[in-house]
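# A look at the structure
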Amino acid sequence: MAALAALPCAGQEMGAASFEAEIRPLLVRHCQGCHNETNRSSGLSLASRAALAAGGNRGPGFDWIVKAVKHEDGLKMPPGRQLPPDDVAKLERWVAAGGLWPKLGPESGPESGPASGSAGRASAKRRNHWTFQTPVRPNEPNPANARWARTAIDRFVLARLEKEQLPPSPEAGKLTLLRRVHLDHTGLPPTPAEIDHFLNDPAPDAYEKAVDRLLASPHYGERQARHWLDQARYADSDGGSRDEPRHIWKYREWVIEALNRDLPFDRFVIEQLAGDLLPGATPEQMIATGFHRNSLLQIEAGTDREQYRVEAVADRVDATGTTLLGLSTGCARCHDHKYDPISQKEYYQLFAFFNNLDEYGPELPPFSATNDLNVTHAPLLALGPPADVAKWQALQAQLLALYQERFAYRGGESDELPKGDAGEKIRTETINALKKQLPTNLTFAMVMRERRQPRPAHVLLGGDYLRKGIAVEPGVPAAFPPAAGTVRNRLDLARWITSEKNPLFARVAVNRQWQRFFGTGLVETENDFGTQGAAPSHPELLDWLATEFIRLGWSQKQLQRLIVTSAAYRQEARQRADLAQRDPNNRLLGRQTRLRLDAEIVRDNALAASGLLQAKLGGPSVYPPQPEGVMETGQVKQLWRTSQGEDRYRRGLYTFHYRITPNPSMKVFDGANGLTPCTRRPRTNTPLQSLTLLNDPNFHEMAQALARRVAAAADPLAEAYRLTAGRLPTARERERLRRLHAVERDAFATKPEEAEALAGKGAGPELAAWTTVARVLLNTDEFITRE
């Protein structure tokens, strides 16, 4: 039945009495709980004949309702069970007779109204959840012990503690504070000189001056970029079964630079979502769109290019929801969200914003027919001398045309035609000749670009790219405040997301900032602000921070300064008996939190202590030493050319990250995998971490360098502790390590070959013994923990 107009308007076979007696009770009992005017599951309401005719995500309802109850064509309604055969037969007769629906039926009944039963009330409750209400700036509380407070933050924290009759913890010692804020802001420990200067500075604002110095450091952007790149699912490879390298490091460089210059957070996001659509977009704004070029790409021969294009678009919808709104939008891909007010149709309205990207898809020859990653990873922004850029663009356009023509000549097959085929030979020779003319002095960046011819978007039934439902236009979920104007493209979407009226954007952002400095956000489920997420521990503080962030002009540096200068941040992290009993997870913020360093920061601190760290900012990814055999675990053995010179000792942020074969030391310390947005890394504590610090070739080399550094000092043990812990050893620590050094030195004195194997060529027993001491200190809990 293609259209309802073709059906009879009267019901000779099933009249009004039969509808009231047989059909309406069946719809009310089995269907209208989910399919009503308020809760349109799959976009469909069964509250009236007109609503059923209009249909939902699958199209007009009369076309498929019988198939659904008969469990045909992949449709199974009601979910989890099947109607008795008699009920199925009744519905089938009713539809065949024209679907008569008397006007005195449910159209005027309670099940069609805005509060249609429990499902309607549940849907309204979801929309009224605090998550979807724009934050209002609360008044600052006035706690009894207000003198403890340094900022407005402390008033909220202290008011909650006083309510629970718990005191805050004392302020941490100066050395602990300095090391804490260094690791949080730059990811690098303070140097002995910086420690001495801070400890000897009697000024009451010495700490604030240290904070300002760190916020102005170029290494600030490196540390903060790692948090953002986790959410952007950054990696240097495409994540397919071949896991080919891609041109994406310029995006990482853009993030570092943007954070260092404190680009307002709303602008920071707009340029990443739609920098290419800004009027007069600059190359930097184009590079920023690499945020959504981090999607996985499958280019293995025989794969369906449209399937993986759709997967990439869905990834962008999910990443946008998770990263910027703190919502599990991906749960609405196959059906209406079970808990949050996001329908499947609304999911595909968001999908439509990203569906028009000009990227690898069925319109292009498969990789197996080109073996040219510049085609499969396009669009690319070429950077370099203008003449060479123009030459590359012209040649690449010619190559693409030749690839397409050769692919057509082969009959749509990737394999070369038999040797001796003149057409194959001349086409391949022409392609190879053009490739040799491509300039080799250019840098490339993967960027977003819109297609000239818009690609239509549909609801994909069950999330299946082969089963297209109704067509949809770009739009935003109705549960949110409406956009100021028409929302037609990614730039409109970006401006809607970053609007001050958006109830989630600022809240999610400040919650993630809080998480960086306290280990857990005010909303513990930082990736789920929906109805199934945790309630905020301090709801008024969350809204105050959100509105303050907006008042500060979306300045991340000013927001972070406000947090780290608060008395709450400056507390000791030591556990107390009363807090251990009353608040073991520190949700009341009665103390600070000890945090194991992130994978990259463990490496950075070892490099800094050893004196090997190269402080160069930005640039391509590097290949530090790693255990043999790592690259053999993927389907395609990718090259790992171990870096030499200064690139060997770059910060962990710059280590080349293959998604399928990640660097083992990064993986063992819970580094992000780059496959999906990582909004909070787990912090595990395993024997493998200790073994890595002892035996990984990187850390072994750093221990050797640290040993050489301390062996030359007047007091080696004091120097070793200053470099690794920022302090002098206690008498007990000094005695234990003195004995270890003596025992190791005596043992190596009789085994010179083992001394060289441990400490390097030409090393004697003394240096080998100090290498053992260095390995011990790099393996301590204190070294890899931010107090």
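These lines cover the structure that appears in this document, whether it is placed above or below. (Residues numbered from 1 in each chain as written. Predicted model: local features only at pLDDT ≥ 70, side-chain atom pairs only at ≥ 80, totals over all residues. Heavy atoms only, no water.)

Further remarks concern the overall build of the chain. Looking only at helices and strands, one finds 32 helices and 6 strands in the chain. Each of the 787 residues in the chain was classed as buried or not, and the buried ones make up 56%. In the structure as shown, the chain presents an accessible area of about 33,500 Å², 53% of it carried by carbon and sulfur atoms. Side-chain charges in the chain split into 101 positive and 95 negative, and the spacing between the mean points of these groups amounts to 2 Å. (Helix = DSSP H or I, 4+ residues; strand = E, 2+ residues; numbered from the N terminus. Buried < 20%, exposed > 50% of the residue type's maximum accessible area, 1.4 Å probe, protein only. Areas by Shrake-Rupley, 256 points an atom, 1.4 Å probe, with all protein chains shown as cover. Lys, Arg positive; Asp, Glu negative; His and termini not counted. Charge placed at Lys NZ, Arg CZ, Asp CG, Glu CD.)

In this section: the layout of surface pockets. In this structure, the largest pocket encloses a volume near 1,100 Å³. Lining the largest pocket we find 49 residues, and of these His35, Arg40, Ser41, Ser42 and Asp336 sit closest to its centre. Looking at the lining of the largest pocket, the elements with two or more residues in it are α3 (65-69), α5 (117-127) and α15 (344-354). Classifying every residue of the lining of the largest pocket gives 19 nonpolar, 19 polar and 11 charged. The calculated volume of the second largest pocket comes to roughly 520 Å³. Taken together, 24 residues make up the lining of the second largest pocket; nearest its centre are Ala378, Pro379, Leu380, Leu400 and Arg449. The greatest single-element share of the lining of the second largest pocket, amounting to 7 residues, is contributed by helix α18 (residues 386-409). Partitioning the lining of the second largest pocket into residue classes produces 14 nonpolar, 4 polar and 6 charged. (1 Å grid on protein atoms, 1.4 Å probe; cavity = no way out; pocket = protein on both sides within 12 Å on 5 of 7 lines; lining within 4 Å. Points joined across faces, edges and corners; volume = space filled by probe spheres on them. Nonpolar A, V, L, I, M, F, W, Y, C, P; charged D, E, K, R; others polar.)

With that out of the way, let us pick up empty space enclosed by the protein. Counted by the stated rule, this structure contains 12 cavities of 30 Å³ or more. In this structure, the largest cavity spans a volume of roughly 350 Å³. If you go around the largest cavity, you meet 21 residues; those closest to its centre are Arg223, His227, Arg516, Asp598 and Arg683. The set of elements that each furnish at least two residues to the lining of the largest cavity consists of α7 (174-185), α10 (218-231), α21 (505-518) and β5 (595-596). The dominant element in the lining of the largest cavity, judged by the number of residues it contributes, is α10, at 4 residues. Class assignment of the residues belonging to the lining of the largest cavity gives a composition of 5 nonpolar, 5 polar and 11 charged.

Geometrically, the link from Met77 to Pro78 is a cis peptide bond, its omega value of -5° lying close to zero. Residue position: Pro78 is located in the loop between α3 and α4 (85-96). Of note, the amide linkage connecting Ala378 to Pro379 takes the cis form, showing an omega dihedral of 5°. Mapped onto the elements, Pro379 comes out in the loop between α17 (373-376) and β1 (380-383). Although it is not a glycine, Trp554 sits at a positive phi angle of roughly 60°. The class for Trp554 is buried, based on a relative accessible area of 5%.

The next thing to look at is the pattern of salt bridges. This structure, assessed with the given rule, holds 56 salt bridges. For the salt bridge of Arg570 with Glu208, the shortest nitrogen-to-oxygen distance reads 3.2 Å. Highlighted residues: Arg570 in the loop between α23 (556-564) and α24 (577-582) and Glu208 in helix α9 (residues 206-215), separated in sequence by 362 residues. Overall, the relative accessible area of 17% leaves Glu208 in the buried class. Asp230 serves as the salt-bridge partner of Arg681, at 2.7 Å between the closest nitrogen and oxygen. (Salt bridge = Lys/Arg side-chain N within 4 Å of Asp/Glu carboxyl O.)

Now for the packing of helix α29 (residues 716-724) against helix α32 (residues 765-778). Put simply, α29 and α32 touch, their axes get as near as 11 Å, and they point 30° apart. Here α29 lies roughly parallel to α32, going by the angle between them. The handedness of the crossing between α29 and α32 comes out as right-handed. Of α32, the residues touching α29 (which contributes Pro716, Leu717, Ala720, Tyr721 and Thr724) are Trp770, Val773, Leu777 and Leu778. Considering only residue class, the contact of α29 with α32 consists of 8 nonpolar, 1 polar and no charged. (Axes fitted to C-alpha atoms, helices over the stretch in contact; angles between N-to-C directions. Parallel < 35°, antiparallel > 145°, perpendicular 65-115°, else oblique. Left-handed = near helix turned anticlockwise from the far one by under 90°. Contact = heavy atoms within 4.5 Å.)

As a further point, take the nonpolar core. Trp228, Tyr251 and Phe268 are the most contacted members of the largest nonpolar core, which totals 133 residues. Broken down by element, the residue count for this core peaks at 8 residues, all from α21. Every residue in contact with Trp228, bar those within four places of it in the chain, is listed here: Tyr251, Val255, Phe265, Phe268, Val269, Gln272, Phe291, Thr323 and Leu324. If you look at the next biggest cluster of nonpolar residues, it comprises 34 residues, including Ile601, Ala606, Leu706 and Tyr721. (Core = buried A, V, L, I, M, F, W, Y, C linked by side-chain atoms within 4.5 Å.)

For α29, a buried count of 8 out of 9 residues is recorded, marking the element as mostly surrounded by other parts of the structure. Residues of α29 that are buried sit in contact with α7, α8 (192-199), α25 (599-610), α28 (697-711), α30 (731-749) and α32. Positive backbone phi, approximately 80°, marks Gly726, located one or two places after α29.

Before going further, it helps to spend a moment on the environment of Glu37. Relative to the helices and strands, Glu37 resides in the loop between α1 (16-30) and α2 (49-54). With relative accessibility at 33%, the residue Glu37 sits in the partly exposed group. Spatially, the C-alpha atoms of Glu37 and Leu380 are 46 Å apart, while their sequence positions differ by 343 residues.

Turning our attention to the side chain of Arg305. When you line up the elements, Arg305 lands in helix α14 (residues 305-325). The side chain of Arg305 sits in the buried core without any salt bridge; Asp304 is the nearest counter-charge, 7.0 Å away. A distance of 3.0 Å separates a polar side-chain atom of Arg305 from the backbone oxygen of Leu364. Apart from residues lying up to four places away in sequence, Arg305 is in contact with Tyr360, Gly361, Pro362, Leu364, Pro365 and Pro366. (Polar contact = N/O pair within 3.5 Å; in protein donor to acceptor, adjacent residues only side chain to side chain.)

Where α25 meets α28, the closest approach of the two axes is 8 Å, and the angle between their N-to-C directions is 25°. The orientation of α25 with respect to α28, classified from their angle, is roughly parallel. Considering only the axes of α25 and α28, their crossing is left-handed. On α28, the residues that touch Val602, Arg603, Ala606, Leu607, Ala608, Ala609 and Ser610 of α25 are Asn698, Phe699, Met702, Ala705, Leu706 and Arg709. Residues that form the contact of α25 with α28 fall into these classes: 9 nonpolar, 2 polar and 2 charged.

What follows deals with the side chain of Arg455. With respect to the helices and strands, the residue Arg455 is situated in the loop between β2 (443-446) and β3 (457-460). A polar side-chain atom of Arg455 sits 2.5 Å from the main-chain carbonyl oxygen of Asn355. One polar contact links the side chain of Arg455 to the main-chain carbonyl oxygen of Leu357, over a distance of 3.4 Å.

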